[in-house]
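What the coordinates show
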Amino acid sequence: MRTTPAPGVDVMNNPQGRRRPPRPHPGNGSRLRVGVPRDADAMRSLPEELQVLSRHQSGLLTSAQLAAHGFQRREVDLRVNRGDWQRVSNTVVAVHAQPLDRRAELWAAALHFERCGLAGQSALELLGLPVPIDRRIHVIGPRAGWYSPMPLVIPHTSTACEFEEGQPQHVNADLAVLQALRWAVSRAQSVHFSTWAMQRGIVTIESLQALAHELKRSPGSARMRERLAIVEPGLHSYNEFVFARECRRRGLPEPRRQRRRTDGFGRDRYLDAEFEINGSKVCVEIDGRHHLEAVQHMADDLRANEIVIQGVRVLRVSSVTLNLNPEPFYEQLERLLESLARAA
């Protein structure tokens, strides 16, 4: 009884109907690798111009940049399938196999949305802002759309954006701070973004207020101005914001912030908060995380001594205590202020 030969069997040249093993790849003696084109082992290296460009862009290139140098999609897919490269989006390729660092993530967002620029807290990251906890990346530009193939990237649409030339392009610092205020997930986060920028001299409260007035008709401007009102002149950190808010809640006198004093060596020192009760002065110094370092701690000791020599009482509190267990400190502060009031 005759049977029908299996599909793909050449009956004319193989009467027995047996399948022949795959022939080796001609020229290298290796076995045929299924699904891999024959030129896999003869791929050309990146031209010097593309190597320089990829280093500038944190190891990333766009499909258009590769195509301009003759790298078609088939060759790019081949390198990705081999594990030499990796696709970040449908238009952005990492020409290496290592995980992307934060700067590469920012570059990927800017390259994918080529007509857009980094905005909000993402633009501030280029100026040194620590990476936000949520790690979201904001881009803005004309026709950015509402869909992003990259989960971390949030596109915003605006037809009136001017970008600063940089690595990569981004909005200016004042606009970035106001956008960060609007897009922050909480009031505390918005205060952190704005005070960080003001403390480093990147923006001023006056420049932010002026720009907010210009943008009063833009979407979300009410929320932006409401959060900007929290950031009072003289406020230089989130810890100072927490302290001033708690003083108002407890009915304590309004402290003067960032009060300048000259020490015994002629150097200007700025006090976090200072109270004056009937001619007596009380200074509150809020120690952030960097004050725990040995060198900074020694400098803080000498600074506190200079303040005491000038006749000012000093109370110190760490930012950890101020946020986690503040009651004992405020109780001490209230007792001291009340004793000065009674002494008068």
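Above this note sits the structure.
The following paragraphs examine the structure supplied in this document.

About the criteria used
- Residues numbered from 1 in each chain as written.
- Predicted model: local features only at pLDDT ≥ 70, side-chain atom pairs only at ≥ 80, totals over all residues.
- Heavy atoms only, no water.
- Core = buried A, V, L, I, M, F, W, Y, C linked by side-chain atoms within 4.5 Å.
- Buried < 20%, exposed > 50% of the residue type's maximum accessible area, 1.4 Å probe, protein only.
- Helix = DSSP H or I, 4+ residues; strand = E, 2+ residues; numbered from the N terminus.
- Contact = heavy atoms within 4.5 Å.
- Axes fitted to C-alpha atoms, helices over the stretch in contact; angles between N-to-C directions.
- Parallel < 35°, antiparallel > 145°, perpendicular 65-115°, else oblique.
- Nonpolar A, V, L, I, M, F, W, Y, C, P; charged D, E, K, R; others polar.
- Pairing = 2+ DSSP bridges.

**Describing the nonpolar core**
Note on soluble globular proteins: their nonpolar side chains tend to be buried together. Counting 25 residues, the largest nonpolar core has Leu124, Val171, Val177, Leu178, Val203, Leu208 and Leu228 as the members making the most contacts within it. Of all the secondary structure elements, the ones that give two or more residues to this core are helix H5 (120-125), helix H6 (173-183), helix H7 (187-199), helix H8 (205-214) and helix H9 (221-228). Looking at this core, the element that brings in the most residues is H6, giving 7 residues. Beyond its immediate stretch of four places on either side in the chain, Val177 contacts Leu124, Ser194, Ala197, Val203 and Leu208. Phe243, Phe275, Val284 and Leu333 belong to the second largest nonpolar core, which has 18 residues in total.

**With respect to the environment of Asp174**
Turning to its location among the elements, Asp174 is positioned in helix H6. In the structure, Asp174 is positioned 29 residues away from Val203 in sequence and 6.1 Å away in space, judged by C-alpha atoms. Setting aside its immediate chain neighbours within four residues, Asp174 contacts Val203, Ser207, Leu208 and Leu211.

**Structural notes on the packing of H6 against H9**
Viewed as axis vectors pointing N to C, H6 and H9 meet at an angle of 100°, and their least axial separation amounts to 8 Å. Taken together, H6 and H9 sit at an angle that is classed as roughly perpendicular. Contacts between H6 and H9 involve Leu178, Leu181 and Arg182 from the former and Arg223, Met224, Arg227 and Leu228 from the latter. Each residue belonging to the contact of H6 with H9 can be placed in one class, and the counts come to 4 nonpolar, no polar and 3 charged.

**Describing the sheet that holds strand S4 (residues 117-118)**
Taken in spatial order, the 3 strands make up an open sheet running S4-S5-S6, and their pairing is mixed. Unpaired on one side and paired on the other, S4 and strand S6 (153-157) mark the two borders of the sheet. Relative to S6, strand S5 (residues 137-141) runs parallel, the two being bridged by 5 bridges. Residue pairing for S6: His138 is matched across the bridge by Ile154. Of the strands in this sheet, S4, S5 and S6 touch helix H4 (residues 102-112), which is tilted by about 25° from S5.

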